[in-house]
Amino acid sequence: MEHEGYTLDGTVNLTGRPVLSSTTGKRKACIFILAYQAFERFAYFGVSANLVIYMTSELHKDLVSAVTSVNNWSGTAWITPIVGACIGDSYLGRFWTITFALLVYAIGMGLLVLTTSLKCFRPTWTDGIFKEASTIRLTFFYLSIYTIAIGSGVLKPNISTFGADQFDDFSPKEKVLKVSFFNWWSFVTACGTLTATLFVVYIQETFGWGLGYGISAIGFLVATVTFLMGVPIYRHKSRKGKSHPKEFFRVPVVAFRNRKLQLPSSPLELHECEMEHYIDSGRRQIYHTPRFRFLDKAAIKESRIDASNPPCTVTQVETNKLILGMLGIWLLIIIPSNFWAVEVTVFVKQGTTMERNLGQNFHIPAASLWSFVVVTILICLPIYDRYFVPFMRRRTGLPRGVKMLHRIAIGVAIQIMAAVVMYAVEIRRMKVIREKHITGAEEVVPMSIFWVLPQHVILGLANTFLMAGLLEFFYDQSPEEMKVLGTAFYTSTIAAGKYSNSLLVSMIDKFSRKVSGKSWLGNNLNDCHLDYYYALLFVISALNFAVFLWVQRGYIYKKENTTEVNVFEIVGAEQTEPQVGKA
């Protein structure tokens, strides 16, 4: 097939025919996918970046309720990727799952624009008193944003995995370019996010929420059209290797059934199929690893010989081991994911208490300061991709420069540094409050909002290592036929962070009210103890980081059989490795 110019990994076009390597996939296809991601993130963060302000100012929710509502909504947007992964891996495939989710997303955006634009849904005042939002208004509002969350959630794992599918793993040149793809994915995500937090947020607070959300809807329309323009040159994974959930759950059942059997002295004596079986089925053989040895009992040949209930293969067992290994890392990322919730909730409300004037006529929206997180990512990601990775590659010999979990560990360590800065700045703000005898919730603290700039910048640096590193790790370590589920691991860590932050905020609120009679996170941040919250976040993050370092030392990375690469004479395989970052 290679002499005919076809891809080596068995990818096909939308009709199921083999595709030519020269005319499909790679950079030309990823341009459409990356452009889609930039516009979609513009639309999504045009909705989410200022949502806590909308809830407190338009729906008149208290701070704890607003933070919890935003976190729960955002958590839904980041947990539904698991549903999207199951649909994409086992039923519809990546492309058709994306198409279905785009339709759901569009319905949600349309409902949100109507809910925030039509006069019958707007807040009303009677004799100078705000009239609470009607039940029908709240119903349509929550229906719209949760429809957006579902559509966005189903899209997330499929679209990023679909982008990575455009590179042939059996071509050394394209495999190197795939490493760069995840960095550029994070880069364009930051571009869309930055534009939304600077432009859309200002429109919402200055000219109206309906107009701001309408602009977000236009951004989503552009994203959809851009993605569909690339259909003729997209590569699609063959459906022969789709995931079977029953096969996955069968391994622990068989292992438990064989619990009294003795494992053979050599893993070579365990049951495994011939290489031709994996080539014909569109799957990849995974080598045996010594972790989770109990599961190896599912592959004991002597357990069951009859054709109706054969022993599991080593590859099937290793698939379960990979998922369990990723689950351990997933659990340790929940605490770091709390910072992503804090950035768009507590940081925004903290900023509203400070001086935000830039000149005489311009008032900085508090949510716009989050753009500095994004700007830092935009600056640091190209530096990481073009200079840091090649520099480290020459010293370590690793294609990525550093191990994936080492990259994640660096990001978590920087987050802990940010927590120290967050605490110090809040101590400073409280000192000014005491000196100026400020007590009212609406009083402005004579302290520039740019005091919170350093914590935004440091978290942006942390995200440079953490976000792309997590996405790459979960994609790379997942079995070939479960790539979308692997990407859903990444998105669900963010969801878990949102939900756990909601739980943490609620627990702090109840505990502090019981102990001192008032909440650390009350509606009046000028009479609260936000510093205690930041200190607690630092302590639990430091403890979690220590456990993460211990776990990552013993982590065993996936090893697949890629002998197919040696079967074909790959042109240019021995040439100098191309520079990363030009995808």
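Residues numbered from 1 in each chain as written. Predicted model: local features only at pLDDT ≥ 70, side-chain atom pairs only at ≥ 80, totals over all residues. Heavy atoms only, no water.

The protein chain appears in an unreviewed UniProt entry as Protein NRT1/ PTR FAMILY 5.1 from Glycine max. If you open the UniProt record of the protein chain and go to Sequence similarities (unreviewed entry), you find "Belongs to the major facilitator superfamily. Proton-dependent oligopeptide transporter (POT/PTR) (TC 2.A.17) family." Heading Subcellular location (unreviewed entry) of the UniProt record for the protein chain holds this comment: "Membrane". (UniProt positions renumbered as here; feature names shortened; annotations may be inferred.)

On to the side chain of Thr289, then. Tracing the sequence through the fold places Thr289 in the loop between helix H10 (275-281) and helix H11 (314-343). Taking relative accessible area as the criterion, Thr289 reaches 6% and is therefore assigned buried. (Helix = DSSP H or I, 4+ residues; strand = E, 2+ residues; numbered from the N terminus. Buried < 20%, exposed > 50% of the residue type's maximum accessible area, 1.4 Å probe, protein only.)

So, about the packing of helix H6 (residues 135-164) against helix H16 (residues 483-516). Packed helices, taken two at a time, are described by their axes: the angle between them and the distance between them. Direction vectors running N to C along H6 and H16 enclose 125°, while the axes themselves pass 8 Å from each other. By the angle between their axes, H6 is oblique relative to H16. Here the hand of the crossing between H6 and H16 comes out right-handed. Each of Lys156, Pro157, Asn158, Ser160 and Thr161 in H6 lies in contact with H16, whose residues at this interface are Lys483, Val484, Thr487, Ala488 and Thr491. (Axes fitted to C-alpha atoms, helices over the stretch in contact; angles between N-to-C directions. Parallel < 35°, antiparallel > 145°, perpendicular 65-115°, else oblique. Left-handed = near helix turned anticlockwise from the far one by under 90°. Contact = heavy atoms within 4.5 Å.)

Interaxial distance between H6 and helix H7 (residues 172-207) falls to 10 Å at its minimum, and their mutual angle equals 145°. At the point where H6 passes H7, the crossing takes the right-handed sense. Touching Ile159, Ser160, Gly163 and Ala164 of H6 are Lys178, Phe181, Phe182 and Trp185, all from H7. Of the residues belonging to the contact of H6 with H7, the class tally is five nonpolar, two polar and one charged. (Nonpolar A, V, L, I, M, F, W, Y, C, P; charged D, E, K, R; others polar.)

Glancing now at H6. Spanning 30 residues, H6 covers 44 Å between terminal C-alpha atoms, matching the ideal 44 Å at 1.5 Å per step. A maximum bend of about 30° is found in H6 at Lys156, where proline Pro157 lies one to four positions downstream. The buried count for H6 comes to 21 of 30 residues, which makes it a mostly enclosed element. (Expected span 1.5 Å × (residues − 1). Bend = angle between axes of the 7 residues up to and from the residue.)

Once that is clear, we can look at the pattern of salt bridges. As enumerated under the stated definition, the model contains 10 salt bridges in all. We note a salt bridge from Arg400 to Asp476, for which the minimum N-O separation is 2.8 Å. Placement of the pair is Arg400 in the loop between helix H13 (371-396) and helix H14 (404-435) and Asp476 in helix H15 (residues 453-477), with a sequence separation of 76 residues. Look at Asp476 and you get partly exposed, because its relative accessible area is 23%. Two residues, Arg513 and Asp509, come together in a salt bridge whose shortest N-O distance is 3.0 Å. Taken together, the positions of Arg513 and Asp509, both in helix H16 and four residues apart, correspond to about one turn of that helix. Owing to a relative accessible area of 11%, Asp509 belongs among the buried residues under this scheme. One network of salt bridges, with partners in common, ties together Arg293, Asp296, Glu318 and Lys321. (Salt bridge = Lys/Arg side-chain N within 4 Å of Asp/Glu carboxyl O.)

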